[in-house]
Amino acid sequence: MELGPPGGAGPAEPGPRLRGLRGDDRAASAAWLSEASAGRRAPSVAAVLPAGGSGERMGVPTPKQFCPVLERPLISYTLQALERVCWIKDIVVAVTGENMEVMKGIVQRYQHKRISLVEAGVTRHRSIFNGLKALAEDQPNSKLCRPEVVIIHDAVRPFVEEDVLLKVAIAAKEHGAAGAIRPLVSTVISPSADGCLDHSLERASHRASEMPQAFLFDVIYEAYQQCSDYDLEFGTECLQLALKYCHTKAKLVEGSPDLWKVTYKRDLYAAESIIKERISQQICILMDAKEDEEHVGRCLEEMLKKELNHVKVTSGALCHAGRDLQQIILEQCYNFVCVNVMTSDFEETRKLLNALEESNLSILYPVVVISVHFLDYKLVPFGQKMEHLMQIKEFAKEVKKRNILLCGLLIYYPQLWRQDMGTLEVRVYVRPHTTQPAYCC
Ligand SMILES: Nc1ccn([C@@H]2O[C@H](COP(=O)(O)OP(=O)(O)OP(=O)(O)O)[C@@H](O)[C@H]2O)c(=O)n1
Ligand SMILES: O=P(O)(O)OC[C@@H](O)[C@@H](O)[C@@H](O)CO
């Protein structure tokens, strides 16, 4: 068993999100969280992520958990999702021996914490069992503690939120086992031996079993220890093992639509567009407090607010806005527009890039920075400024190595316009993460 660096970082993003919890769920969750955050007697929770598959249905040589999404392996998104949850103490990932070094490299490169690696088995159940053994404390020189509750979650289900993890963990504490379910999309049928329809199941009274699932550790560990070779070889349902071998009926918890498992190639494309959508929905406009910049920034803010969920404006020379910027970076904004009026130097943009590099923000997702320059072409001869602005290409090459996508936007306007700027709407429409301005005038 390869153990990663122990020690728990707090949630990668601001505190627990009890999205989607209502009534009793919310009360139970709040109680659980207050116990956990106060370090009092909240149940100790660990997670096991089976990641030892070959991804045959994906149809590519790389096992799907290591396939890149936005140039980052899929499994890293799932680890990030679990790391956001501060009350999950240990995350045990089961990977094949041949992928152990790859997995260690991912943990190191993306600075994942609380990760321990174990050898996967030849089936998913055997991989999960190996993960449970690592937690059972009956392994030589194991640094892991036996948890009270264990969450089992497929490494190829990256869109898991704290609220559903909390719901299954609380339900498992009470019932011994719990699992997320979703409505069936297709009807389930049972074929006869001659390949014809024998019967179909009533779709409305059946559900799809998804992940995460959670168990009292003793229940699921006992079930795996009692498990037949047939079940270990051909089974796909942990809840069934708890029922069959420990007579524990799992509590079923309604899951959200994004709990789906990446199985086919189309699922990778879907995952990429969902991630892009999520990180492109917020933008930060940085500008100096000079009147012109303030005005342009406000115009930009009004226009972008029609397109994006979250538009933040920080004004004041970046060195003073630094505190705001640190907060914005902590809130994990990945798109920035740096407004420069009447200057074509990159001082403000350079300060922003330095702050971004120090924050390591671009380790997890590409960061888009658009350096916008409004230049009055009467005062600023085009030729003189263009070669200056062309430096941005060199600049962009440099920061691209650190996953920061920088592009420049030069908006030349006549003196006349300056006086009428109050009336003319600034129309710069930028689709973040394509790094290409759609149009500007
Ligand atoms: N021997 C195995 C097989 C699967 N898994 C993991 O179980 C999860 C769900 O399994 P599945 O979607 O079936 O993954 P694969 O087995 O890789 O896919 P395929 O069946 O297409 O080969 C995945 O995270 C997979 O890596 C595992 O840990 N050990
Ligand atoms: O069968 P696969 O290995 O493709 O995926 C495992 C799924 O069956 C499993 O994740 C859920 O159905 C819940 O048990």
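The rules behind these values
Residues numbered from 1 in each chain as written. Chains lettered and ligands numbered in written order. Predicted model: local features only at pLDDT ≥ 70, side-chain atom pairs only at ≥ 80, totals over all residues. Heavy atoms only, no water. Helix = DSSP H or I, 4+ residues; strand = E, 2+ residues; numbered from the N terminus. Contact = heavy atoms within 4.5 Å. Areas by Shrake-Rupley, 256 points an atom, 1.4 Å probe, with all protein chains shown as cover. Near = heavy atom within 4 Å. Polar contact = N/O pair within 3.5 Å; in protein donor to acceptor, adjacent residues only side chain to side chain. 1 Å grid on protein atoms, 1.4 Å probe; cavity = no way out; pocket = protein on both sides within 12 Å on 5 of 7 lines; lining within 4 Å. Sits in = over half its atoms within 2 Å of the grid points. Nonpolar A, V, L, I, M, F, W, Y, C, P; charged D, E, K, R; others polar. pLDDT = per-residue confidence, 0-100. Salt bridge = Lys/Arg side-chain N within 4 Å of Asp/Glu carboxyl O. Buried < 20%, exposed > 50% of the residue type's maximum accessible area, 1.4 Å probe, protein only. Axes fitted to C-alpha atoms, helices over the stretch in contact; angles between N-to-C directions. Parallel < 35°, antiparallel > 145°, perpendicular 65-115°, else oblique.

So, on to the overall build of the protein. Broken down by element type, the protein carries 14 helices and 19 strands. Put simply, 76% of the contacts in the protein that link residues at least 6 apart link residues at least 24 apart. Carbon and sulfur atoms make up 52% of the accessible area of the protein, which amounts to about 20700 Å² in all.

Take the site of ligand 1 next. The full set close to ligand 1 counts 19 residues, and Gly52, Gly55, Lys64, Ser127 and Lys261 are the nearest of them. Between an oxygen atom of ligand 1 and a main-chain N or O atom of alanine 51, the distance comes to 3.1 Å. Across the complex, the protein chains shield 88% of the 560 Å² of accessible surface that ligand 1 would expose by itself. Because more than half of its atoms lie within 2 Å of the grid, ligand 1 is assigned to the largest pocket. Residues that form the shell around ligand 1 fall into these classes: five nonpolar, eight polar and six charged.

Let us look at the confidence of the model for the protein. In the predicted model, the protein carries a mean pLDDT of 83, and 78% of its residues have values of at least 70. In the model, residues 3-17 has pLDDT below 50 throughout and makes 35 contacts with residues more than four positions away in sequence or in other chains. A low-confidence stretch, residues 416-441 (pLDDT under 50), is modelled with 50 contacts involving residues beyond four sequence positions or located in other chains. ipTM for the predicted complex: 0.98, alongside a pTM of 0.84.

Take the pattern of salt bridges next. For the coordinates displayed, the defined rule picks out 18 salt bridges. Glutamate 398 is the salt-bridge partner of arginine 402, the closest N and O atoms lying 3.6 Å from each other. For arginine 402, a relative accessible area of 30% gives the class partly exposed. Residues joined in a network through salt bridges with shared partners are Arg124, Asp154, Arg157 and Glu210.

On to the side chain of histidine 153. For histidine 153, the position within the fold is in the loop between β7 (149-152) and α5 (162-175). Accessibility expressed as a relative area gives 0% for histidine 153, which makes it buried. The contacts of histidine 153, once residues within four sequence positions are left out, are Val48, Leu49, Pro50, Thr78, Val160, Met211 and Pro212.

Before going further, it helps to spend a moment on the site of ligand 2. Contacts to ligand 2 come from Arg57, Arg124, Asp154, Arg157, Ser209, Glu210, Met211, Gln213, Thr236, Glu237 and Lys261. Contacts to ligand 2 include glutamine 213, whose side-chain N or O atom sits 3.5 Å from an oxygen atom. Here an oxygen atom of ligand 2 and a backbone polar atom of threonine 236 are 3.1 Å apart. Its free accessible area being 370 Å², ligand 2 has 78% of it covered by the protein chains. Using a 2 Å cut-off from the grid points, one finds that ligand 2 occupies the largest pocket. When residues of the shell around ligand 2 are assigned to their parent elements, the largest contribution, four residues, is made by strand β11 (residues 207-216). Each residue belonging to the shell around ligand 2 can be placed in one class, and the counts come to one nonpolar, three polar and seven charged.

So, about helix α6 (residues 217-226). For α6, the full list of buried residues reads Phe217, Val219, Ile220, Tyr221, Ala223 and Tyr224. Buried positions along α6 lie against α4 (124-135), β7, β11, α7 (229-234) and α8 (238-246).

Here α6 crosses α8 at 80 degrees, and the two axes come no closer than 8 Å. With respect to their mutual orientation, α6 and α8 come out roughly perpendicular. On α8, the residues touching Val219, Ile220, Glu222, Ala223, Tyr224 and Gln226 of α6 are Cys238, Leu241, Ala242, Tyr245 and Cys246. Class assignment of the residues belonging to the contact of α6 with α8 gives a composition of nine nonpolar, one polar and one charged.

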